[in-house]
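A structural walkthrough
Below, each chain spelled out in residue letters.
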Amino acid sequence: MTAAFASALLIPLVFVAPSAAQSSAAKPPKMELTVDSIMRGPLLVGYPPSSLRWSGDSQRLYFDWRKPGEEESSTYVVGRGGGAPRKLSEVDAKKAPAAGGRWDTARRRLLVGDGGDIVIFDGATGMRRQLTRTTGSEGNPRWARNDTHVTYVSGGNLFIMAVDGSGPLVAQLTDVSQRRSEPRLSDSQKFIKDEEQKLIAYTKQQADQKKKQEEKARKDKPPVFEISAQQSAVDLMLSPDETHVFIVVSERPAAGAKSTIVPNYVTDSGYVEDIPARTNVGDTQDRRLLAVLNLQTGKSVWADGSFAPPVDETDAANAAAPVPVAGKEAVKDTMKESAAETPRPGRKADRDIRWSMHAVSDDGKLVVAGARSADNKDRWFVTLDPVTGKTRVIDTLHDEAWVREAGSGGSGVEFLADNRRVWFLSERDGWMHVYTLDVSADNAKPKQITAGKWEVTAAEVARDRKKFYVTSTENHPGERHLYTVSTEGGARTRVTKMTGSNEATVSPDESVLGIVHSYSTRPPEVFLMANQPGAEAQRVTTTPTDEWRTFNWIDPKVITYKARDGVDVYARVFTPEMIGARRDPTRPAVVFVHGAGYLQNAPKYWSTYFREYMFHNLLAQRGYVVLDVDYRASSGYGRDWRTAIYRHMGGKDLEDVVAGATYLAAKENVDPRRIGVYGGSYGGFITLMAMFTTPDVFAAGAALRPVTDWAHYNHGYTSNILNIPQKDAEAYRKSSPIYFAGGLKGALLILHGMVDTNVHFQDSVRLAQRLIELRKENWELAAYPVENHGFTEATSWADEYKRILKLFEQNLRIGSSGHRSIGSSGPPASGSSR
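Residues numbered from 1 in each chain as written. Predicted model: local features only at pLDDT ≥ 70, side-chain atom pairs only at ≥ 80, totals over all residues. Heavy atoms only, no water.

With that out of the way, let us pick up the sheet that holds strand β30 (residues 447-448). Reading across the sheet, the four strands line up as β27-β28-β29-β30 and stay open at both edges, with antiparallel pairing between neighbours. Looking at which strands have only one partner, the edges of the open sheet turn out to be β27 (414-415) and β30. By the bridge criterion, six bridges tie strand β28 (residues 421-426) to strand β29 (residues 433-438) in an arrangement that is antiparallel. When the bridges of β29 are listed, Ser 426 appears paired with His 433. (Pairing = 2+ DSSP bridges. Helix = DSSP H or I, 4+ residues; strand = E, 2+ residues; numbered from the N terminus.)

Within the chain, Arg 145 stands out as a residue other than glycine whose phi angle is a positive 50 degrees. Among the structural elements, Arg 145 can be located in the loop between β9 (138-144) and β10 (149-154). One non-glycine residue with positive phi stands out, namely Asn 419, at about 65 degrees. Within the secondary structure, Asn 419 sits in the loop between β27 and β28.

Let's shift gears to a nonpolar patch on the surface. A cluster of nonpolar side chains, namely Tyr 265, Val 266, Val 272 and Val 786, defines an oily patch on the protein surface of about 370 Å² accessible area. Tracing the backbone through its elements, the reader meets Val 272 in the loop between β17 (259-264) and β18 (273-279). (Patch = residues over 30% accessible without salt bridge, like charges linked within 9 Å, V, L, I, M, F, W, Y side chains within 5 Å. Areas by Shrake-Rupley, 256 points an atom, 1.4 Å probe, with all protein chains shown as cover. Salt bridge = Lys/Arg side-chain N within 4 Å of Asp/Glu carboxyl O.)

A separate point is the sheet that holds strand β1 (residues 47-54). Taken together, four strands build an open sheet; the order of strands is β1-β2-β3-β4 and the sheet is antiparallel. Strands at the two margins of the open sheet, each flanked by one partner only, are β1 and β4 (86-87). Judged from the six bridges that link them, strand β2 (residues 60-66) and strand β3 (residues 74-79) form a sheet pairing that is antiparallel. For Arg 60, the partnering residue across the bridge sits in β3 and is Gly 79.

The element strand β15 (residues 231-238) is extensively covered by neighbouring structure, given that six of its eight residues are classed as buried. Relative to strand β16 (residues 244-251), β15 runs antiparallel, the two being bridged by seven bridges. The residue of β16 that forms the bridge with Ser 232 is Ser 250. If you look at the hairpin formed by β15 and β16, you'll find five residues sitting between the two strands, and Glu 242 has a positive phi there, around 60 degrees. (Buried < 20%, exposed > 50% of the residue type's maximum accessible area, 1.4 Å probe, protein only.)

Our focus in this paragraph is helix α9 (residues 610-621). Relative to the 16 Å expected for 12 residues at 1.5 Å per residue, α9 spans 17 Å between its end C-alpha atoms, a close match to the ideal helical length. The element α9 is extensively covered by neighbouring structure, given that 11 of its 12 residues are classed as buried. Listed in full, the buried residues belonging to α9 are Phe 610, Arg 611, Glu 612, Tyr 613, Met 614, Phe 615, His 616, Asn 617, Leu 618, Leu 619 and Ala 620. (Expected span 1.5 Å × (residues − 1).)

Here we take up the pairing of strand β7 (residues 117-122). Burial within β7 is extensive, with six of its six residues counted as buried. Judged by which residues are buried, β7 turns out to be covered on both faces: Asp 117, Val 119 and Phe 121 on one side and Ile 118, Ile 120 and Asp 122 on the other are all buried. As paired elements, strand β6 (residues 109-114) and β7 share six bridges and run antiparallel to each other. Across the sheet, Leu 111 pairs through a bridge with Ile 120, a residue of β7. Relative to strand β8 (residues 128-130), β7 is paired through three bridges, and the arrangement is antiparallel. Residue Phe 121 lies in a different strand from β8, and its bridge partner there is Arg 128. Where β7 folds back onto β8 in an antiparallel hairpin, the turn is made up of five residues, including Gly 126, whose phi is positive at roughly 80 degrees.

Here we come to the packing of α9 against helix α16 (residues 794-813). Contact geometry of α9 with α16 gives a least axis separation of 12 Å together with a crossing angle of 35 degrees. Note on packing geometry: the crossing formed by α9 with α16 is right-handed. Contacts between α9 and α16 involve Arg 611, Glu 612, Phe 615, Leu 618 and Leu 619 on the former and, on the latter, Trp 797, Tyr 801, Ile 804 and Leu 805. (Axes fitted to C-alpha atoms, helices over the stretch in contact; angles between N-to-C directions. Left-handed = near helix turned anticlockwise from the far one by under 90°. Contact = heavy atoms within 4.5 Å.)

For the rest of this paragraph, the subject is the packing of aromatic side chains. One pass over the full model with this rule turns up 35 aromatic pairs. Seen in terms of ring centroids, Tyr 637 and Trp 641 are 5.5 Å apart; in terms of plane orientation they differ by 50 degrees. Their pairing is tilted. Across the pair, Trp 641 and Tyr 637 agree in class, each one buried. By the ring-pair criterion, three or more aromatic residues cluster together here, those being Phe 592, Tyr 609, Phe 615, Tyr 678, Tyr 784, Phe 791, Trp 797, Tyr 801 and Phe 808. A cation over an aromatic ring shows up here: Arg 705 above the ring of Phe 791, its NZ or CZ 5.6 Å from the ring centre. (Phe/Tyr/Trp six-rings, centres within 6.5 Å; stacked < 30°, edge-to-face > 60°. Lys NZ or Arg CZ within 6 Å of the ring centre and 35° of its normal.)

Taken as a whole and judged by the stated rule, the model has 55 salt bridges. The closest approach of N and O atoms between Asp 36 and Lys 802, which form a salt bridge, is 2.8 Å. In this pair, Asp 36 sits in helix α2 (residues 35-38) while Lys 802 sits in helix α16, placing the two residues 766 residues apart along the sequence. On the accessibility criterion, Asp 36 (23% relative accessible area) is partly exposed. Residues Arg 549 and Asp 546 are paired through a salt bridge, measuring 2.3 Å at the closest nitrogen-oxygen approach. Residue Arg 549 is classed as partly exposed on the basis of its relative accessible area, which comes to 45%. Through salt bridges that share partners, Asp 399, Arg 404, Glu 427, Glu 455, Arg 639, Asp 640 and Arg 642 make up one connected network.

You can see Leu 158 is positioned in strand β11 (residues 157-162). Between the alpha carbons of Leu 158 and Gln 172 there is a distance of 6.2 Å; along the sequence they are 14 residues apart.

Below you can see the structure in the form of structure tokens.
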């Protein structure tokens, strides 16, 4: 390699699609394992079915699917008894229930927002009724008045519409408007005005008459809720008794944040065009407030946020100190009531918090709202008095790293049938589980419904609200199964049995399941299954092409090995023997590092990294051993695992990757001098940290669309893990590869899309300049002019992976001199199949 600023602006590498004759032949074309072939991506493995939803009478299952050979996704339907799915015409597809939306109490009609309009679907007849059709935008529809009316938000106001023909068709309930500023009088002007009304009776009469007229006019119009120029109403909800409207208000910062710009070089205009992108971490962020407007009196109150104590400056100063990771010690569960005698409005709280929309009991007597601190280290559930805005804290959760919460609805809670208990998901014991809480009782404690060293990944309450449908990792971290459990707790009943991932959609009558199932070697498919434990499931779809199914793909072995600190790291292993090949005599290996967010890539189900999965088959066929690592912070392994990267990305997570290299040398007889590493996004970041900070471990690395400096990434993700750069500069410096570029020894390939609006191309450009200034030579940068963060063009994918393959071939086996031993990088690895 050279130090040249190489780009991917070469002759495009295209694939040849099968001819019509081939497609119609009885025998499908044989799958050839080449980069060009596998980088066709979904055109080869198929597009997974999605958006499963049932008809209201539970007789039909609808889903979206792009069948092999089709040019776009369509809506399909299959009867509850199974059989071949039927593709719906565009006209019929509009009559099918939409994905998402809200069912009425009878589960007959589905209310949805559809392209800025409001639509009702009759689940039994399949009829579609258009409620609005305007050039404006109507959204957030909700049922009202015993399902005879619908409320929706338009233009920042709340409207109500009759759907059964009774009453006025549409009525506006609120008048949310920017605060009018009255002309400010000087002391002299105010004195003259006051004296004039005292001296001249006519002027006082005129002023009183004007006031009466304004009050009369207000009686005939919706009550006014005034907001500032920096504020906007993003959601409004009517209370069951129609006395109050709850309003979520977004407030932009007074000092404007600076948005980044991504240049787009390849455009139809022929000119460079700017793409407005995001702000960087630590820049000013908007606030989320909660207000309540009384429709009868016109008065409004802000939800009281005084329960959130101000951040202790000593604690803030200690943010640079290492935080021990220990679930039960770090996750604190405290119950308290607000001690403030004079409540401060939410917008004036001592601490910046973000409110969510409330949840309300069916009888309208209890209102529960959720709030989170801006630094995401605290979450509160509070009861809210809509008359005064006063709040009472009923549950708190604190995490020294950051709180991960998942729950039902915008508030994170949902009421059960008794109208006094709510349920929610929480990591309070170190694992994500289901809890219930009696909101009506003073000092009540959350009751844990599920428990164990495994995670609940999804949950919903049954129609009768007496049991939960829970999807979890109880059987294995790399599997997802559906269970049922009573809302009172107790034993769980496992429903699904197919190894892999099972994402179930329960029919309205709860007798049948629509399941998207996948396995390590089988992409997602739709199955139908009786809602009975262990029932047989019937496959409905066949997603991959005939060509793809002719190949004997590797079923990778899921193993564990010990990290430096003794914890078990889960990983998947691909070996040449698994594909009927021989190991290369030079004994090379590659470690793959998946991206972040909250992801996993050592499961027993189909990976979203399906191109990489096929690439690993290709490497194994060429004699490589490949390891997919679920490093620290991967999903499915609990709170301690998730937060182990707090204040140091490239710390424990990188140690897990390095331990993987040690495992390969010790257990797979790999030459420790011939191990490569690669990955995209967070995986690209880890690759850079590996090549810069553990240069004797990996002989070559390919970093795809990598973060090189976390101070240049977004706020929502980064601030949770590293705090903000102006307050925790040390965390950013020890976590950003650009500070360690001087450690590069092995061969490095950087690949990045130039219109990446997530991890900006600027990240790789800045690193390139740093490497140039450091006089590093053994690196290259490939630029992809039309690609965003997730590549879309098959030619770009093919070019990218041909370069990666070339990097490994030249540096890990053919004619390569190898690398120094990694024996000193950590303790001897030990592993076992799981």
